[in-house]
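If you want the building blocks of each chain, they are given just below.
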Amino acid sequence: MMDRRHFLQAMAATSLPVLSSQLFAAQSPAQPRFLFVFLRGGYDAASLLVPMSSSFYAEVRPNIGLNRIGSDANSVIGLNSDWGLHPALRDNIYPLYSKGQAIFIPFSGTDDLSRSHFETQDSIELGQPLQGHRDLSSGFLNRLATVLNKDSNNFPAMSFTDQLPLIMQGSMQIANTGVKNVGKSAIDARQSQLIVNMYQGQPLSKQVDEGFTTRDQVNVQMNAMQTEDKYKEMTDANRNAISTKGFGVEARRIGKLMQQQYAIGFVDVGGWDTHVNQGNANGNLANRFKELGDGIAAFSDEMGPAWNNTVVVVVSEFGRTFRENGNRGTDHGHGTVYWVLGGAVRGGKVVGEQVAVEQRTLLQNRDFPVLNEYRSTLGGLFTRMYGLSPSQLDYVFAGVKGRDLGLV
Amino acid sequence: MQLFQLSKQRLIIAGLGCGLLLCIVSCSSAPANTSTVKAASVGTNLGSVMPELLVERLSWGINTGSAMQVHQLGTVRYLQQQLQLAPMTNVPDMPQAVKDQIAAMTITQKSMVDIAAELEQMRQASDANGSTEEARKNYQQELNRLDREAQSRAILRALYSPQQLQEQLCWFWFNHFNVFQGKANIRAMLGDYEENAIRPHVLGHFRDLLIATSHHPAMLRYLDNEQNALNHPNENYAREIMELHSMGVDGGYTQRDVQELARILTGVGFNFKRESPPRLGRLQDQYVRNGAFEFNPRRHDYGDKQFLGHTIKGHGLGELDEAIDLLSKNPATAHFISKKLALFFVGDAPTPALVDRLAATFLATDGDIKAVLNTMFSSPEFVNSLGHQFKDPQHYVYSALRLAYDDKPILNTAPVINWLSRLGQPRYGKLTPDGYPLTSTAWDSPGQMTTRFDIAKAIGNGSAGLFRTDSGMDYPGFPKLSNVLYFTYLQSILSQNTLKSLDQANSPQEWNTLLLASPEMMVR
């Protein structure tokens, strides 16, 4: 077995001018796909996955707590004797859960206890040990893409964001393209070439080449999608279609691009920092859940047969205080709930280390503890999905032994 | 393509003549100088610096006017004027047409309190039973209009103000004390926040910025402190003051410090109603009202606090002054602020030695921003970095427009607002309180570059509608970038590859586009 140092040397030797979009041929449905969804702002996980039997819950959430006993549209959907799902996810995520295509992992997160959005997001995206030297320009999805593309070049990666996030930065040049709004580029092919020539030998040449290549690929798919949408509108007139707006539109476009071209994707969704008036079955947070859930459902729909080999992981930097604050909101906390979805998932369950939710089990008498450290959870997942060797996994998450939670 | 070439000497003579003509007006004189810096000590290391490169860094981008200024004044005098240590003489003021645009704005003509009162009426109409969809729409449209006024004003100043360093610092400090346009009715407060909480202090003492932002409704609403009250704590603002505004996340404070600062901040809020103070009995003389700012002693936690190793006796709003004193004198704050200033003005990864020197100045001068900047501008690190810093979207767009149009006033800022948004850095559009990142890796991704090229073409073609008036009249026409400044300065810094592509341009518009898309236009 190759040790970590040799492996890194081998990687470094091959990692020079690789462009993610050039690797690549159209993807077959059998190719594994992975989409990482980052909820920035620290969503209130105790509203997503509600502890069903905790009397403490009702006690400390008098205004924002959800109804756990009813069966109406505003009540929690029971998943098992311990946990219930937020009702905003009834029509989008719960059907996936019922089909065995969704898993929730409570008490997830990182050991970073700063409770700072920015520090915690960065440390998750870096995916490196909290102690000791950290390479601040190397995100773990970049390292995953580097490992997977070393020989096969079959796993093109794309960040569906306007800027390239830390998680996708690193030795491999990964492209980004925001898909909230898509428009035609003003620069024609001849002008593109003249611009590429200007950047030859310049520090930005990789970004410029990659940018033009990506632009052309995305244009092809978005044009195709427009044609299909017109066709769909004529044929099924919104039958069973979840109405999508905001993230829904974005997620559908990501679905199209990943179904056709990209094996590893990243997108982030903001607006989860609910310090004030977060609502309960309805309100701010419920609206965010609905939009997110609808988006994921639209994504799965757009993936078609490729959904069967797709895994979507939804994370956030931390959970929030278990008690509501003075403003019917919640403050920065610690443990959160990760979601794992996809046709490839062995789902319909809530997994990982768990404890009863009571005052005495809270971290520092305020937050969910972290019992399922994210690097070992994701390490276990990647090992199963891609058959990573221990040395490959060590390149992605140094010092981590993946924990197999039976996700796929 | 063939372009008319002038000798460098003739151009400088032409430039001087033109300069004298323009420079009859003397601009706003420097404000009362409370700084510890003496003008004579400024710019000690600038002797060998290419003057244009200094302008590129201290301004939003070089244009014909600023290039002439620096040649007339010399780099030291130019720097003194930009640091407001010397009066701005022999420099043209903002064009009258730009001043007129700003003077006509609601945010110029009305106070925030008046604006808020009118909006409150609109909001009540829109919330009333049986209110029409139209009332709700009117309310939202007015908020959006005020937001766009503030954006337009900031853009016009960035493009045309002779106090370019001040304009950059307005952006820097707003970004440091970020508030977001999308939350509640903050759009109605942005103009005032920038004008009165940020702008007067950008070259003053850091403590004044902490005080001014902590007393402004925009900040108190954005970070929820208006909700923070005795027995209803909300620690959002307290945490961000320590983490983002002063000491930095590694500054050595604890969760306990955050909670204690939150207690200190209880009752600190605002009130837009024009009513007499509430009856507070024995707490009456504790009540503070200043404009929209309100300290309500009923909502304040009067217990003693343990903050950063000090006991702060519970005695009302004065506790906040004490806390801000401790924060602004803290070495962690000096370091954190110095590092951010260095990231902004020197570029990625400033050396620890430079940051240490800046922090030492910060501590020795009680946080005098002018003094810290002077230490930085006098450093070899600064001089060596000139011409090598990657522009963020704000710098890219403004520098392209300044180069293209010099002092010719644009009549419509909507395309500029749109470009900044497409590039991911709209003014007032950062949702989270950390503000936009200052490092180049945040802005040099593939998607960013292709969008920049689109914008280069929009500016180079002159077809974007920058000269479309409210009445719908448009005066299109492409800028002439192959001008004096190009032949006296820009051409000399372009690479052979760039020159080769420029030679293959099919039209002046395409030549403009390529120049604005060139690698040399991405750095300053």
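Because the structure is a prediction, the values reported are computed rather than measured.

Peer 1: Give me the overall build of chain B: which residues, what numbers.
Peer 2: Counting its regular elements, chain B contains 25 helices and five strands. Computed over its C-alpha atoms, the radius of gyration of chain B comes to 24 Å, within 12% of the 24 Å expected for a compact globule of 524 residues. The principal-axis extents of the C-alpha atoms in chain B amount to approximately 80 × 60 × 45 Å. Classification of the 524 residues of chain B by burial places 60% in the buried group. The contacts in chain B between residues at least 6 apart in sequence include a share of 73% that link residues at least 24 apart. On chain B, roughly 20,300 Å² of surface is accessible, and the fraction owed to carbon and sulfur atoms is 52%. Distance from the positive charge centre (48 side chains) to the negative charge centre (51 side chains) of chain B: 2 Å.

Peer 1: Report on the environment of L66(A), specifying residues and quantitative values.
Peer 2: Within the secondary structure, L66(A) sits in the loop between α3 (55–60) and β3 (77–78). Placed 340 residues apart in sequence, L66(A) and G406(A) show a C-alpha to C-alpha distance of 30 Å.

Peer 1: Any chance you could break down the packing of aromatic side chains for me, citing the residues and the numbers?
Peer 2: The geometry of an aromatic ring pair is captured by the separation of the ring centres together with the interplanar angle, meaning the angle of the planes. With the rule as written, the count across this model stands at 45 aromatic pairs over all chains. Measuring from centroid to centroid gives 5.1 Å for Y405(B) and F467(B), while their planes differ by 70°, and the two rings are edge-to-face. One end of the pair, Y405(B), is in helix α20 (residues 393–405); the other, F467(B), is in the loop between α22 (446–461) and α23 (484–493), with 62 residues separating them in the sequence. Like Y405(B), the residue F467(B) is buried in the burial classification. An aromatic cluster is defined as three or more aromatic residues linked by ring pairs; in this entry it consists of F34(A), F36(A), F38(A), F140(A), F155(A), F266(A), Y374(A), F382(A), Y386(A) and F397(A). Lying across the ring of F467(B), K408(B) places its NZ or CZ 4.6 Å from the centre.

Peer 1: Give a detailed account of the interface of chain B and chain A, specifying residues and quantitative values.
Peer 2: Between chain B and chain A, the residue contacts involve 49 residues of the former and 42 residues of the latter. Overall, the association of chain B and chain A removes approximately 3,600 Å² of surface from exposure, summing both partners, and the carbon and sulfur fraction of that is 54%. For the pair chain B and chain A, the interface holds two salt bridges. A salt bridge links R366(A) to E235(B), with the shortest nitrogen-to-oxygen separation between them at 3.4 Å. Summed over the shared surface of chain B and chain A, the result is 22 residue pairs in polar contact (both at pLDDT 80 or more).

Peer 1: I'd like a description of the confidence of the model for chain A, backed by residues and values.
Peer 2: Any residue range with low pLDDT should be treated as having predicted coordinates unsuitable for detailed reading. For chain A, mean pLDDT is 88; residues scoring 70 or higher make up 89% of the total. Note that pLDDT drops below 50 for residues 1–25 of chain A; the model gives that stretch 46 contacts with residues more than four away or on any other chain.

Peer 1: How would you sum up the pattern of salt bridges? Please name residues and give values.
Peer 2: Residue and element names in this part refer to chain B. Throughout the structure, instances matching the rule amount to 39 salt bridges over all chains. Here E149 makes a salt bridge to R145, at a shortest N to O gap of 2.9 Å. Of this pair, E149 and R145 both sit in helix α8 (residues 133–160), four residues apart, which is roughly one turn of the helix. The class of E149 is buried, set by a relative accessible area of 10%. Since its relative accessible area comes to 35%, R145 is described here as partly exposed. Measuring nitrogen to oxygen at the nearest pair gives 3.2 Å for the salt bridge that ties E260 to R263. Taken as a pair, E260 and R263 lie in helix α14 (residues 255–264) at a separation of three residues, close to a single helical turn.

Peer 1: Run through helix α9 (residues 247–260) of chain A, naming residues and quoting values.
Peer 2: Residues and elements named next belong to chain A. Its 14 residues place the ends of α9 20 Å apart at the C-alpha level, agreeing with the 20 Å of an ideal helix rising 1.5 Å per residue. Counting buried residues in α9 gives 11 out of 14 residues, a clear majority hidden from the surface. The complete set of buried residues in α9 reads F247, G248, E250, A251, R252, R253, I254, G255, K256, L257 and M258.

Peer 1: Talk me through unusual backbone geometry; I want residue IDs and the actual numbers.
Peer 2: Unlike most non-glycine residues, Q364(A) shows phi in positive territory, near 50°. One can find Q364(A) in the loop between β11 (349–350) and β12 (372–373). In this structure, Q84(B) takes a positive phi of about 60° despite not being glycine. Tracing the backbone shows Q84(B) in the loop between α4 (75–82) and α5 (96–103).

Peer 1: Got a sec to walk through a nonpolar patch on the surface? Specific residues and values, please.
Peer 2: All names here are of chain B. On the surface, L411, M473 and Y475 cluster together into a nonpolar patch covering about 290 Å² of accessible area. Positionally, M473 belongs in the loop between α22 and α23. On the basis of relative accessible area, M473 is assigned to the partly exposed category, the value being 46%.

Peer 1: Quick rundown of the sheet that holds β3(A)? Include the residues and the values.
Peer 2: All names here are of chain A. What the three strands build is an open sheet, ordered β2-β4-β3; its pairing is antiparallel. Looking along the sheet, the strands with just one partner apiece sit at the ends: β2 (49–51) and β3. In this sheet, strand β4 (residues 83–85) lies alongside β2 in antiparallel orientation, the contact comprising three bridges. Opposite L49, over in β4, you have L85 as the bridge partner.

Peer 1: So what's going on with the pairing of strand β8 (residues 264–269) of chain A? Which residues, and what values?
Peer 2: Residue and element names in this part refer to chain A. Burial of β8 is extensive: five of the six residues sit out of reach of the surface. Inspection of the sheet shows strand β1 (residues 33–39) paired to β8 by six bridges, in the parallel sense. Looking at the pairing, V37 lines up with V267 of β8. Direction of pairing for strand β6 (residues 157–159) relative to β8: parallel, over a ladder of three bridges. Its bridge partner lying in β8, M158 is registered against G265.

The rules we used
Residues numbered from 1 in each chain as written. Chains lettered and ligands numbered in written order. Predicted model: local features only at pLDDT ≥ 70, side-chain atom pairs only at ≥ 80, totals over all residues. Heavy atoms only, no water. Helix = DSSP H or I, 4+ residues; strand = E, 2+ residues; numbered from the N terminus. Rg over C-alpha atoms; globule rule 2.2 N^0.38 Å. Buried < 20%, exposed > 50% of the residue type's maximum accessible area, 1.4 Å probe, protein only. Contact = heavy atoms within 4.5 Å. Areas by Shrake-Rupley, 256 points an atom, 1.4 Å probe, with all protein chains shown as cover. Lys, Arg positive; Asp, Glu negative; His and termini not counted. Charge placed at Lys NZ, Arg CZ, Asp CG, Glu CD. Phe/Tyr/Trp six-rings, centres within 6.5 Å; stacked < 30°, edge-to-face > 60°. Lys NZ or Arg CZ within 6 Å of the ring centre and 35° of its normal. Buried area = accessible area lost by both parts, 1.4 Å probe. Salt bridge = Lys/Arg side-chain N within 4 Å of Asp/Glu carboxyl O. Polar contact = N/O pair within 3.5 Å; in protein donor to acceptor, adjacent residues only side chain to side chain. pLDDT = per-residue confidence, 0-100. Expected span 1.5 Å × (residues − 1). Patch = residues over 30% accessible without salt bridge, like charges linked within 9 Å, V, L, I, M, F, W, Y side chains within 5 Å. Pairing = 2+ DSSP bridges.

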